[in-house]
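Reading the structure
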Amino acid sequence: MSSQTSSHKPRVAVVFGGRSSEHAISVLTAGAVLRAIDRDKYDVLPIGITTDGRWALTADDPERMAIADRRLPSVAELAESAEGGVVLPVDPTNREVVYTEPGSVPKALGEVDVVFPVLHGPYGEDGTLQGLLELSGVPYVGSGVLASAVGQDKDYMKRVFTSFGLPVGPYEVIRPREWDNDPAAARKKIVDFAAEHGWPLFVKPARAGSSIGISKVDDLGGLDEAIEEARRHDPKILVEALLRGREIECGVLEFADGPRASVPAEIPPVSAHDFYDFDAKYIDSAAGIVPAPLSAEETAAVQELAVAAFEAASCEGLVRADFFLQDNGEFVINEINTLPGFTPISMYPRMWQESGVSYPELIDRLLQAALERSTGLR
């Protein structure tokens, strides 16, 4: 490539952080990815996005991108300057990344061959960054604009799955206008849903992840607080019925001959937590079971569903698909993540490790696939 360095190594911009409530999780993921990228094969440019949206040049220091004493990291702590900004030109003929700082001459940082976006949630995983990269003509890891947007919005995700005949659990959606115009009617909509499907319910932001903003509501008394917590992260909220069964996850990775599923994993009940919430995932490091103790028939069924979900949403590169194996033996799709966590305790790399694809090999496979894939309609 003309944009490669003199050593002919592709240059990877690892973009992380972002404006969503999953900012810290993205930093954790970036640290793990930076640690795993083969530096003999790739040049790396870490770019962090602060919580207010500034693109910052950051230290290439994975050790600082970790939880320390239960304290989550941030891009602001890693940025080389409190004011400097990184600019990616929206010009498919020019991949030159420029660094600017008030009172200083802009500095060229060189060209970028591929972007590894490890942002989670809105303003990164939802198609917004993917759209920018499409305009810039820069290849990137993961799904395109449509699949990223569908994968972020649990409402439309479920609608797409349903249209393809895939099994989803009972749910209700409260849109921003419904709540703003008539909160009493919106609340009644949830109460009626509970009357049909029973308590407890799960109230969650429709476009967030990492179990942020989710509440398990046991009765009418906790409903208002749960709605307020979910709307703190997203004005559009999702209400789901409790599905009794086991939590099963499965990774999907795109190979030259199409997407393949990993061995599945199981998220066991966490005694110290009411459900698999943020603290259970990232602070107290609840351990999943890999591979999941399933029968051969159950394993084949969930792998088939995971690939079907990948295809239904027009995904590319990678996906983690989350399921419930109900007491009646049937699987139900809970959601997909188009940019799943890559932290050392994340399930996606662990499932592929157990499937014979090591962490560094997984990163390399994703980067090579992105470099071979064109931007634009495909």
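Residues numbered from 1 in each chain as written. Predicted model: local features only at pLDDT ≥ 70, side-chain atom pairs only at ≥ 80, totals over all residues. Heavy atoms only, no water.

Looking now at the pairing of strand S2 (residues 43–49). Of all 7 residues in S2, 7 are buried; the element is thus mostly enclosed. Side chains of S2 alternate between two faces, with Asp43, Leu45, Ile47 and Ile49 and Val44, Pro46 and Gly48 buried alike. Of the crossover connections in this fold, the one passing from strand S1 (residues 11–17) over helix H1 (residues 23–36) to the parallel S2 is right-handed. When S2 meets strand S3 (residues 55–57), the two strands line up antiparallel, connected through 3 bridges. The residue of S3 that forms the bridge with Ile47 is Leu57. (Buried < 20%, exposed > 50% of the residue type's maximum accessible area, 1.4 Å probe, protein only. Helix = DSSP H or I, 4+ residues; strand = E, 2+ residues; numbered from the N terminus. Right-handed = clockwise from strand over helix to strand, strands pointing away. Pairing = 2+ DSSP bridges.)

Looking now at the confidence of the model for the protein chain. Confidence in the prediction of the protein chain, expressed as mean pLDDT, is 90, and 93% of residues score 70 or more. Long-range and interchain partners of residues 1–6, a stretch whose pLDDT sits below 50, account for 13 contacts in this model, where long-range means more than four residues apart. Contacts for the low-pLDDT stretch residues 280–285, under 50 throughout, to residues beyond four places or in other chains number 24 contacts. (pLDDT = per-residue confidence, 0-100. Contact = heavy atoms within 4.5 Å.)

For the structure shown, the criterion picks out 5 aromatic pairs. Their ring planes at 90° and their centres at 6.2 Å tell us that Phe116 and Phe342 sit as a pair that is edge-to-face. Here Phe342 lies in the loop between strand S16 (331–337) and helix H11 (347–354) and Phe116 lies in strand S7 (residues 114–117), a separation of 226 residues in the sequence. For the pair Phe323 and Phe331, a centre-to-centre distance of 6.2 Å together with 80° between the ring planes defines the contact as edge-to-face. Exposure remark for Phe331: the relative accessible area of 7% places this residue in the buried category. Among the aromatic residues, ring-to-ring pairing joins Phe116, Phe342, Tyr348 and Tyr359 into one connected group. The residue whose ring lies beneath Arg159 is Tyr156, and the NZ or CZ to ring-centre distance is 5.8 Å. Between Arg260 and the ring centre of Phe255, over which it is positioned, the NZ or CZ distance is 3.9 Å. (Phe/Tyr/Trp six-rings, centres within 6.5 Å; stacked < 30°, edge-to-face > 60°. Lys NZ or Arg CZ within 6 Å of the ring centre and 35° of its normal.)

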